[in-house]
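One-letter residues, chain by chain:
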Amino acid sequence: ADDSDQSDDLSVPETDECERTGGTALKKNSKLSNLYLALVFLIMYLPILVVVIFSFNNSRLTVSWEGFSLQWYETLFQDDTLMEALVNSLILGVLSCLLSAVIGTLGAVGLSQLHYKSKGLLEYVSLLPLMIPEIILGMVFLAFFSRLNLPFGMVTLLIGHTVFCIPYILMEVKARLVGMDKSLEEAAMDLGASPMRTFFDITLPLIMPAVFSGALLAFAMSMDDVVISVFINGPRLSTLPIRVYTQMKTGVTPEINALCTLMLIASIVILFVYSLVRKLSGRDVSEKKQEI
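What counts, and at which threshold
Residues numbered from 1 in each chain as written. Predicted model: local features only at pLDDT ≥ 70, side-chain atom pairs only at ≥ 80, totals over all residues. Heavy atoms only, no water. Patch = residues over 30% accessible without salt bridge, like charges linked within 9 Å, V, L, I, M, F, W, Y side chains within 5 Å. Areas by Shrake-Rupley, 256 points an atom, 1.4 Å probe, with all protein chains shown as cover. Salt bridge = Lys/Arg side-chain N within 4 Å of Asp/Glu carboxyl O. Helix = DSSP H or I, 4+ residues; strand = E, 2+ residues; numbered from the N terminus. Buried < 20%, exposed > 50% of the residue type's maximum accessible area, 1.4 Å probe, protein only. pLDDT = per-residue confidence, 0-100. Contact = heavy atoms within 4.5 Å. Polar contact = N/O pair within 3.5 Å; in protein donor to acceptor, adjacent residues only side chain to side chain. Core = buried A, V, L, I, M, F, W, Y, C linked by side-chain atoms within 4.5 Å. Arc of directions from axis to C-beta.

Q: I'd like to hear about a nonpolar patch on the surface, residue by residue, with values.
A: A contiguous nonpolar patch, built from Leu39, Leu42, Ile43, Leu46, Leu49, Val50, Ile53, Trp65, Phe68 and Leu70 and spanning about 990 Å² of accessible area, is present on the exposed surface. Mapped onto the elements of the fold, leucine 46 is located in helix α1 (residues 2–54). Overall, leucine 46 belongs to the partly exposed group, its relative accessible area being 41%.

Dropping the structure here:
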């Protein structure tokens, strides 16, 4: 009995020592992880911060700071060609997102209801525009539209951007449908709801956050596209990425920095609205579950 008491007494300090060493290791790991995270955020957002700061620079060059000024914002709003390119890109991005949201959502819902062996092949084919290099996709669009004798311009740009925007929304909605509780749809249909009403009252509100997030990603990709747009754009139409790309030959002025700053602010506002929509949709889902 004495030996067991002595062994118990000896084991307590060893446990305390292990807890101390473990706690010290955890503190070191947390410090290293925080340092690594700070370094990652610094690498990611430092170039953006430089662009924002130099949009208020008084100098034309972006290598030296010569004082605070708003002249480049004034120059931006006076540049008719650049503003026209921005409006064209916004119209193109919104229209392509709306079309791709409808097609991608219906495609994801349709694929989720298929039980054929070829379902995996159809999902793979639907994601091909993401896997094909943009230069090849642009050449394919160029040959296809030339074969159809379509005039190159907004129509061809809209078709091309819609094609490569659909997979982003389809992936988001398909992932949302996989994690969705199917009992909600079954309960609605048991209560007498038609398949159409079940989709609009139950399924669509549940997948709407995924549709919205996929549309945001598709809009960003549409606003960023240069390669495909160069192949299928007309001579009288210019989008913002093409306009900025052509300015690389003569030199990009801080006017572009001012434009990027305004677009960054708009993106932050959109993300804030998206977070509010997700919170409201989460409340609606919980209320629907309680009602059912």
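Q: Please provide a residue-by-residue account of the confidence of the model for the chain, values included.
A: Confidence along the chain averages 81 in pLDDT terms, with 84% of residues attaining 70 or more. Ranking the helices and strands of the chain by mean pLDDT puts helix α6 (residues 134–147) first, with 92, and α1 last, with 69. Contacts of residues 4–12 to residues separated by more than four positions or lying in other chains number 0 contacts, the stretch itself having pLDDT below 50.

Q: Would you mind going over the environment of arginine 176 in detail, with residue names and values included?
A: Position of arginine 176 among the secondary structure elements: in helix α7 (residues 154–178). The exposure class assigned to arginine 176 is partly exposed, which follows from its relative accessible area of 36%. In the structure, arginine 176 is positioned 34 residues away from alanine 210 in sequence and 6.4 Å away in space, judged by C-alpha atoms. Not counting residues up to four positions away in its chain, the partners in contact with arginine 176 are Leu206, Ile207 and Ala210. Within the structure, the side chain of arginine 176 is placed 2.7 Å from the backbone oxygen of leucine 206, a separation counted as a polar contact.

Q: Outline the nonpolar core, listing residues and values.
A: In terms of nonpolar packing, the biggest core is built from 19 residues, with Val173, Leu177 and Ile207 touching the most fellow members. Looking at this core, the elements that each hand over two or more residues are α3 (80–112), α7, α8 (182–190) and α9 (195–224). With 13 residues, the next largest nonpolar core counts Leu92, Cys97, Ala218 and Ile232 among its residues.

Q: Can you tell me about helix α2 (residues 71–78), naming the residues and giving the values?
A: Taken residue by residue, α2 has Trp72, Tyr73 and Leu76 as its buried positions. Taken down its axis, α2 places every buried residue within 105° of arc, on the same side. Within α2, the exposed residues directed more than 90 degrees away from the buried face are Glu74 and Gln78.

Q: So what about the pattern of salt bridges? Which residues, and what values?
A: Evaluated as defined, the whole model comprises 1 salt bridge. Residue arginine 197 pairs with aspartate 201 through a salt bridge whose shortest N-O separation is 3.0 Å. With arginine 197 and aspartate 201 both in helix α9 and 4 residues apart, the pair spans about one turn of that helix. Given the relative accessible area of 32%, aspartate 201 is considered partly exposed.

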